[in-house]
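Below, each chain spelled out in residue letters.
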Amino acid sequence: MKCTSCKAGKLNPAYLEPLLPCHSCSNCSGKLVMMTDYLRWKDLDQEAYLKSDTAPEVVADDTSKAMLCPKTGRLMTKYLISKDSDHRLDLSPTINAIWMDAGEWELIKANGLAGNLNTIFTRHWQHEIRSQASADVLSAMYQDKFGEQYAELKAFKETLNSMEARSEAIAYLIAEDPYEA
Ligand SMILES: [Zn+2]
């Protein structure tokens, strides 16, 4: 099997983990893992995926270009790993083969996500990542706008939300002179 990522190497049988078979590229060290093998490994080797490697810094390759599945030759779909990382995994939709660039499995383990590989590809997971990422953007925007008062404002908003007379309180706040009849 030829590597469709670097287009220079050969994919040879290898192991991602002692009980997890994969194919590894002789040139770019990218890995192709079948979802069925991953799920079997997760079942067999629960201990291994639960402990996360606390590697302080993982350097992983990231190819943002579209990639063809080495097995089917069809376009693979990209999935974000987490909101804090630009890394994406490729999935071959018809056969559920996962492509990881060199170092991405280590990155996944370092993030404590080795047991979540199958959930990363769900619509729910991807949706969560996107909404968390946009929440972060908005939060930074508010921080920028409100500066030192942001924390106070946030706490006050909570108070306001817990009030029974919330709408009246808001009206009171925005009125130029709430004592004017
Ligand atoms: Zn390669």
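Caption draft 1: Representation of the overall build of the protein chain within the structure. Summing up its helical and strand segments, the protein chain has seven helices and six strands in all. Taking 16 Å as the expected radius of gyration for a compact globule of 181 residues, we find that the protein chain reaches 24 Å, considerably beyond that expectation. Across its three principal directions, the C-alpha atoms of the protein chain cover 80 × 35 × 30 Å. Within the protein chain, counting contacts between residues at least 6 apart in sequence, those at least 24 apart form 49% of the total.

Caption draft 2: Focus on the domain arrangement of the protein chain. With domains assigned, the protein chain is organised as domain 1 (11-121) and domain 2 (127-174). One C-alpha centre belongs to domain 1, the other to domain 2; they are set 38 Å apart.

Caption draft 3: Fine view of the sheet that holds strand 1 (residues 11-17). Across the sheet, six strands lie side by side as 1-2-3-6-5-4; this open sheet has antiparallel pairing. The strands lining the two open edges of the sheet, one partner per strand, are strand 1 and strand 4 (77-80). Pairwise comparison of adjacent strand axes, ignoring direction, gives a mean angle of 35° for this sheet. With three bridges connecting them, strand 5 (residues 88-92) and strand 6 (residues 97-100) associate as antiparallel partners. Across the sheet, residue leucine 91 finds its bridge partner in strand 6, namely isoleucine 98. Across the sheet, helix 1 (residues 35-44) touches strand 1, strand 2 (20-25), strand 3 (31-34) and strand 6, and the angle it forms with strand 3 is around 70°.

Caption draft 4: Inspection of the environment of aspartate 37 at higher detail. Relative to the helices and strands, aspartate 37 resides in helix 1. It is 16 Å that separates the C-alpha atoms of aspartate 37 and asparagine 12, two residues lying 25 residues apart in sequence. Not counting residues up to four positions away in its chain, the partners in contact with aspartate 37 are Leu20 and Pro21.

Caption draft 5: Fine view of helix 5 (residues 123-146). An ideal rise of 1.5 Å per residue puts 34 Å on 24 residues; helix 5 measures up with 34 Å between its terminal C-alpha atoms. Positive backbone phi, at 50°, marks glycine 147, one or two positions downstream of helix 5.

Caption draft 6: Structural detail: the confidence of the model for the protein chain. Counting all residues, the mean pLDDT for the protein chain is 90, and 92% of those residues have values of 70 or more. When mean pLDDT is taken per element in the protein chain, strand 3 scores highest with 98 and helix 2 (residues 46-50) scores lowest with 67.

Caption draft 7: Fine view of the nonpolar core. With 24 residues, the main nonpolar core has Leu32, Val33, Ile98, Trp99, Met100 and Ile108 as its most contacted residues. The element best represented in this core is strand 6, accounting for four residues. Not counting chain neighbours up to four residues away, the residues in contact with isoleucine 98 comprise Val33, Met35, Leu89, Leu91 and Leu117.

Caption draft 8: Representation of the pairing of strand 6 in the model. Here strand 6 shows a buried face lined by Ala97 and Trp99 and a second buried face lined by Ile98 and Met100. Alignment of strand 3 against strand 6, held across four bridges, turns out to be antiparallel. The residue bridging valine 33 from the neighbouring strand is isoleucine 98, located in strand 6. Where strand 5 folds back onto strand 6 in an antiparallel hairpin, the turn is made up of four residues, including asparagine 96, whose phi is positive at roughly 55°.

Caption draft 9: How the structure looks around unusual backbone geometry. Although it is not a glycine, lysine 7 adopts a positive phi angle of roughly 60°. In this fold, lysine 7 is placed in the segment before strand 1. Lysine 7 sits in the exposed class, given 12 other C-beta atoms within 10 Å. The phi torsion at serine 29 lies on the positive side, around 65°, for a residue other than glycine. Looking at the secondary structure, you find serine 29 in the loop between strand 2 and strand 3.

How each quantity is defined
For every chain, the first residue of the written sequence is number 1, and numbering continues from 1 along that sequence. The model is predicted, so local features are restricted to residues of pLDDT at least 70 and side-chain atom pairs to those at 80 or more, both for listing and for counting; the totals for chains, interfaces and linings are taken over all residues. Put simply, DSSP H or I for four residues or longer makes a helix, DSSP E for two residues or longer makes a strand, and each gets a number counted from the N terminus. Radius of gyration: C-alpha atoms only; globule rule: 2.2 Å multiplied by the number of residues to the exponent 0.38. By the convention adopted here, residues are in contact when the distance between their C-beta atoms, placed from the backbone, does not exceed 7 Å. Domain segmentation is taken from an automatic or database assignment of domains. Between any two strands, at least two bridges found by DSSP are needed for them to pair. Axis angles are defined between N-to-C directions and span 0 to 180 degrees, where every axis is a line fitted to C-alpha atoms and, for a helix, only to the segment in contact. Expected helix span is taken as 1.5 Å per residue step, with the number of steps being one fewer than the number of residues. Confidence per residue, as judged by the predictor, is encoded in pLDDT with a range of 0 to 100. Note on definitions: a nonpolar core is a set of buried residues drawn from Ala, Val, Leu, Ile, Met, Phe, Trp, Tyr and Cys, linked by C-beta atoms within 7 Å. To sort residues by burial, count the other C-beta atoms lying within 10 Å of each one's C-beta; a count of 20 or more means buried, 12 or fewer means exposed, and anything in between means partly exposed. C-beta atoms are built from the backbone.

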